[in-house]
Amino acid sequence: MFLSMNWISDFVDLSGVDLKELIGRFTLATAEVEDIYEFGKDIQDVVVGQIVSLENHPNSKKLHLLKVDNGTEIVDCVCGAPNVRVGMHVAFAQAGGAVCGHAIGEATVAGYPSFGMCCSEAELGISADHSGLMELDESIPLGTDIKAVFDLEDTVFEVDNKSLTNRPDLWGHYGIAREFATLAG
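Definitions and cut-offs
Residues numbered from 1 in each chain as written. Predicted model: local features only at pLDDT ≥ 70, side-chain atom pairs only at ≥ 80, totals over all residues. Heavy atoms only, no water. Buried < 20%, exposed > 50% of the residue type's maximum accessible area, 1.4 Å probe, protein only. Helix = DSSP H or I, 4+ residues; strand = E, 2+ residues; numbered from the N terminus. Pairing = 2+ DSSP bridges. Axes fitted to C-alpha atoms, helices over the stretch in contact; angles between N-to-C directions. 1 Å grid on protein atoms, 1.4 Å probe; cavity = no way out; pocket = protein on both sides within 12 Å on 5 of 7 lines; lining within 4 Å. Points joined across faces, edges and corners; volume = space filled by probe spheres on them. Nonpolar A, V, L, I, M, F, W, Y, C, P; charged D, E, K, R; others polar. Core = buried A, V, L, I, M, F, W, Y, C linked by side-chain atoms within 4.5 Å. Contact = heavy atoms within 4.5 Å. Polar contact = N/O pair within 3.5 Å; in protein donor to acceptor, adjacent residues only side chain to side chain.

A look at the pairing of strand β6 (residues 89-99)
- Summarising burial for β6: nine of the 11 residues are buried, a large majority.
- As paired strands, strand β3 (residues 44-56) and β6 are joined by six bridges and run antiparallel to one another. The residue bridging V46 from the neighbouring strand is A93, located in β6.
- In terms of strand pairing, β6 meets strand β10 (residues 116-118) through three bridges, oriented antiparallel. Counted as the bridge partner of F92 is C118 from β10.
- Counted along the chain from β6 to the antiparallel partner strand β7 (residues 102-103), the turn is two residues long, and its residue C100 has a positive phi close to 45°.

Describing the sheet that holds strand β2 (residues 33-39)
- With respect to topology, three strands assemble into an open sheet ordered β1-β11-β2, the strand pairing being antiparallel. Here the strands that pair on one side only, and so sit at the sheet edges, are β1 (2-4) and β2. Within the sheet, the average angular offset between the axes of one strand and its neighbour, ignoring direction, is 25°.
- For β2 and strand β11 (residues 154-159), the ladder comprises six bridges, and the chain directions are antiparallel. From the neighbouring strand, E38 faces β11, where its bridge partner is T155.

Notes on the layout of surface pockets
- Reported here for the largest pocket is a volume of approximately 320 Å³.
- Together, 17 residues line the largest pocket, and F39, G125, D151, L152 and D154 are the ones closest to its centre.
- For the lining of the largest pocket, the elements supplying multiple residues, two or more each, are α1 (5-8), β2 and β11.
- For the lining of the largest pocket, a count of residues per class yields nine nonpolar, four polar and four charged.

Comments concerning the nonpolar core
- Judged by nonpolar contacts, the single largest core of 18 residues is most densely connected at I8, F26, F157, V159, I176 and F180.
- Looking at this core element by element, the count peaks at four residues for helix α5 (residues 173-184).
- When neighbours within four sequence positions are excluded, F157 is seen to be in contact with M1, F2, L3, M5, I8, I23, F26, V33, D35, I36, I176 and F180.
- Core analysis: the second largest hydrophobic core is formed by 14 residues, V46, V48, A91 and C119 among them.

Quick look at the side chain of H64
- In this fold, H64 is placed in strand β4 (residues 64-69).
- At a separation of 3.2 Å, a polar atom in the side chain of H64 contacts the side chain of N56.
- Apart from the residues lying within four places of it in its own chain, the contact partners of H64 are L54, E55, N56, H57, C77, V78, C79, A81 and V84.

No statement about biological role is implied by the geometric values presented.
Structure below.
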């Protein structure tokens, strides 16, 4: 069973508590934690951007030459997403940033400069959907950090279901939250 600390925090206030230490205490007191995963910490300098112009790449059927407004300036970007269109609000990883552990830098793609990357949900770790760019609500101001839009940072830990068979009160996030409340005092 995978358990999200963000979801558990909906039920119990864990502010000021070292989450990894608390998970360690859970292992000693209740059930063995098999693994801990950190999500979203490797996403940096990704903002809400708007595609302001789009041209087909002259030497490619799949690539597009974009101009993206990142809230402070308009930058060039080469993109191969099939659903790209002018006016679309997207998650834009700026040069110098990172998505899922991959550094984003200035690059030359098929002979054209690119100063960032428009992202799909898969590239941000939100879902497995990589069929096209993730479209964002147009009411979100340009330049807003994507972490302010989506709660991308989370600590998720895995507990083997067999360790909890004798504790039906721990078969969900609410029960684990009660257990953490007890462990954290």
